[in-house]
Amino acid sequence: MKKKILVIHTGGTISMCEDEATGAVRPSSSNPLTDKTQGLVDFADLIIEEPFNLPSPHITPKEMLDLRELILQKISVNQISGVVITHGTDTLEETAYFLDLTVQTSIPIVVTGAMRSSNEIGSDGLYNLISSIKVAASDEAREKGVLVVLNDEIHTAENVTKTHTSDISTFQSPQYGPIGIVTKRGVIFHHIPLGKEYYDIQDVSKRVVLIKAHAGMDSTLLHAINELPCDGIVIEALGQGNLPPATIPGIQALIQNDIPVVFVSRCFNGIAQDTYAYLGGGKQFKELGVIFSNGLNGQKARLKLLILLAAKRNLKEIEEAFSL
Ligand code: ASP
């Protein structure tokens, strides 16, 4: 019997067309993927949903929550073996990670996209979609959390990131690599992700700020953020988790105001930890109460903090969650 795969189109380049005269890429009135896919996939029955058609810079945590609810509703009433979501690549990793943290299911959920729109030469959309359906229909992909499939590679939502503005091999997992590949004959996994986090949330109303540290940074922006409605802040700190000394008063003020402060590293390999004991070194910030994240990039740590706050986790629980 053929497997039932739920395909959810949300927009992005994969659903767009190029204007041959001007080269402009934009959404078209009907999704170019919808007609083509069913005819090309004979190993699965597809249930196709199009809840919205947005370029991914328009996607917010609200759309991510809507997607979560759509998936939970559809998989509870249909005998669905896997889910594929097509998405713009700019914020694809954020939606994938959001779903990874908030959907509890053993069936595969795969997110994919394209770097070239549907009518461009070398368009990768349909190919990535079919690869993703293969992964979503494979038994080996079960119990692996949300996966990101593009360009014949299978990545975890937790580690993958967009690394190039136009290259079709843009999605990479720095430090860890893909956990599997898609071949002409099937799907092969060579790593199994460890553990799985799950948070049950109902809303995404918390305000979490993300900023990047730089040489010569001071407390001006941190004090300004402290005056705003703000529930948490993630800072892409320097190296292992250090900041220029002039930021110390700003960090102290945020912590005194009970705003959780999470450090990730602005390096795209390695993790943030309290190694250095000089002024502005990680040890000083740890003593002040800063939480160090065990390896997420800034945009994912921001979403995780937002989700932890929505799930009403206290400071100690937030610290534990960032050490996983
Ligand atoms: N800017 C587009 C988007 O994220 C890029 C893409 O889909 O590849 O919607």
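Residues numbered from 1 in each chain as written. Predicted model: local features only at pLDDT ≥ 70, side-chain atom pairs only at ≥ 80, totals over all residues. Heavy atoms only, no water.

**Focus: the site of the ligand**
Line of reasoning, step 1. Around the ligand, the surrounding shell consists of Gly12, Thr13, Pro55, Ser56, Pro57, Gly88, Thr89, Asp90 and Ala114.
Line of reasoning, step 2. Within the side chain of Asp90, a nitrogen or oxygen atom sits 2.8 Å from a nitrogen atom of the ligand.
Line of reasoning, step 3. Grouping the amino acids of the shell around the ligand by side-chain chemistry returns three nonpolar, five polar and one charged. (Near = heavy atom within 4 Å. Polar contact = N/O pair within 3.5 Å; in protein donor to acceptor, adjacent residues only side chain to side chain. Nonpolar A, V, L, I, M, F, W, Y, C, P; charged D, E, K, R; others polar.)

**Side note on the pattern of salt bridges**
Line of reasoning, step 1. Taken as a whole and assessed by the stated rule, the structure comprises twelve salt bridges.
Line of reasoning, step 2. Among the salt bridges present, the one from Asp66 reaches Lys62, with a minimum N-O distance of 2.8 Å. Here Lys62 and Asp66 lie together in helix H2 (residues 61-77), a separation of four residues that amounts to about one turn.
Line of reasoning, step 3. Arg207 is the partner of Asp231 in a salt bridge, and the nearest nitrogen-oxygen pair spans 3.4 Å. (Salt bridge = Lys/Arg side-chain N within 4 Å of Asp/Glu carboxyl O. Helix = DSSP H or I, 4+ residues; strand = E, 2+ residues; numbered from the N terminus.)

**Notes on helix H4 (residues 125-136)**
Line of reasoning, step 1. Under the 1.5 Å per step criterion, the end-to-end length of H4 is 16 Å for twelve residues, consistent within 8% with the ideal 16 Å.
Line of reasoning, step 2. Where burial is concerned, most of H4 is hidden: nine out of the twelve residues are buried.
Line of reasoning, step 3. Within the sequence span of H4, burial applies to Gly125, Asn128, Leu129, Ile130, Ser131, Ser132, Ile133, Val135 and Ala136. (Expected span 1.5 Å × (residues − 1). Buried < 20%, exposed > 50% of the residue type's maximum accessible area, 1.4 Å probe, protein only.)

**Considerations on the packing of helix H5 (residues 220-227) against helix H6 (residues 248-256)**
Line of reasoning, step 1. The interhelical angle for the contact between H5 and H6, taken along N-to-C directions, is 20°, at an axis separation of 8 Å. One way to sum up the angle between H5 and H6 is to call them roughly parallel. For the pair H5 and H6, the crossing hand works out as left-handed. Between H5, through Leu222, His223, Ile225 and Asn226, and H6, the contact on the second element is made entirely by Pro249, Gly250, Ile251, Ala253 and Leu254.
Line of reasoning, step 2. When its residues are assigned to classes, the contact of H5 with H6 shows six nonpolar, three polar and no charged. (Axes fitted to C-alpha atoms, helices over the stretch in contact; angles between N-to-C directions. Parallel < 35°, antiparallel > 145°, perpendicular 65-115°, else oblique. Left-handed = near helix turned anticlockwise from the far one by under 90°. Contact = heavy atoms within 4.5 Å.)

**Description of the sheet that holds strand S15 (residues 261-265)**
Line of reasoning, step 1. Spatially, the four strands line up as an open sheet ordered S13-S14-S15-S16, and their pairing is parallel. Every interior strand has two partners, whereas the edge strands, strand S13 (208-212) and strand S16 (291-292), have only one.
Line of reasoning, step 2. Examined bridge by bridge, S15 and S16 share two bridges and lie parallel to one another. Bridge pairing in S16 places Phe263 opposite Phe292.
Line of reasoning, step 3. Contacts between H5 and the sheet are confined to S13 and strand S14 (232-237), with S13 contributing the most and set at about 175° to the helix. (Pairing = 2+ DSSP bridges.)

**Considering the UniProt feature "active site" (unreviewed entry) in the protein**
Line of reasoning, step 1. UniProt's entry tags Thr13 and Thr89 with the feature "active site" (unreviewed entry), counted in the numbering of this structure. In terms of the greatest pairwise C-alpha distance, the residues named above, spread along 77 residues, form a tight cluster of at most 7.6 Å across.
Line of reasoning, step 2. As for its placement among the helices and strands, Thr13 is situated in the loop between strand S1 (3-9) and strand S2 (16-18).
Line of reasoning, step 3. What Thr13 contacts, discounting residues up to four positions off in sequence, is Gly88, Ala114, Met115, Arg116, Ser117 and Ser118.
Line of reasoning, step 4. Relative to the assigned elements, Thr89 resides in the loop between strand S5 (82-86) and helix H3 (92-102).
Line of reasoning, step 5. With relative accessibility at 5%, the residue Thr89 sits in the buried group.
Line of reasoning, step 6. If we skip the residues at most four places from it in the chain, Thr89 touches Ser56, Gly113, Ala114, Met115, Lys162 and Phe171. (UniProt positions renumbered as here; feature names shortened; annotations may be inferred.)

**Thoughts on the sheet that holds strand S7 (residues 146-150)**
Line of reasoning, step 1. Read across the open sheet, the eight strands follow the order S4-S1-S5-S6-S7-S8-S11-S12; overall the sheet is mixed. Unpaired on one side and paired on the other, strand S4 (44-49) and strand S12 (187-189) mark the two borders of the sheet. Strand after strand, the sheet turns through a mean of 25° between neighbouring axes, direction not considered.
Line of reasoning, step 2. One ladder, built from three bridges, connects strand S6 (residues 109-112) with S7; its direction is parallel. Across the sheet, the residue bridging to Val110 is Leu147, located in S7.

**What about the nonpolar core?**
Line of reasoning, step 1. Residues Val83, Ile85, Phe98 and Phe322 are the most contacted members of the largest nonpolar core, which totals 50 residues.
Line of reasoning, step 2. The dominant element in this core, judged by the number of residues it contributes, is helix H8 (residues 298-310), at eight residues.
Line of reasoning, step 3. Two domains share this core, each providing at least three of its residues, namely domain 1 (4-189) and domain 2 (208-322).
Line of reasoning, step 4. Discounting chain neighbours no more than four positions away, the residues touching Val83 are Leu6, Ile8, Ile71, Ile75, Ile107, Pro108, Ile109, Val110 and Ala136.
Line of reasoning, step 5. Among the nonpolar cores identified, the runner-up in size contains 24 residues, and Ile5, Ala114, Ile130 and Ile179 belong to it. (Core = buried A, V, L, I, M, F, W, Y, C linked by side-chain atoms within 4.5 Å. Domains from an automatic or database assignment.)

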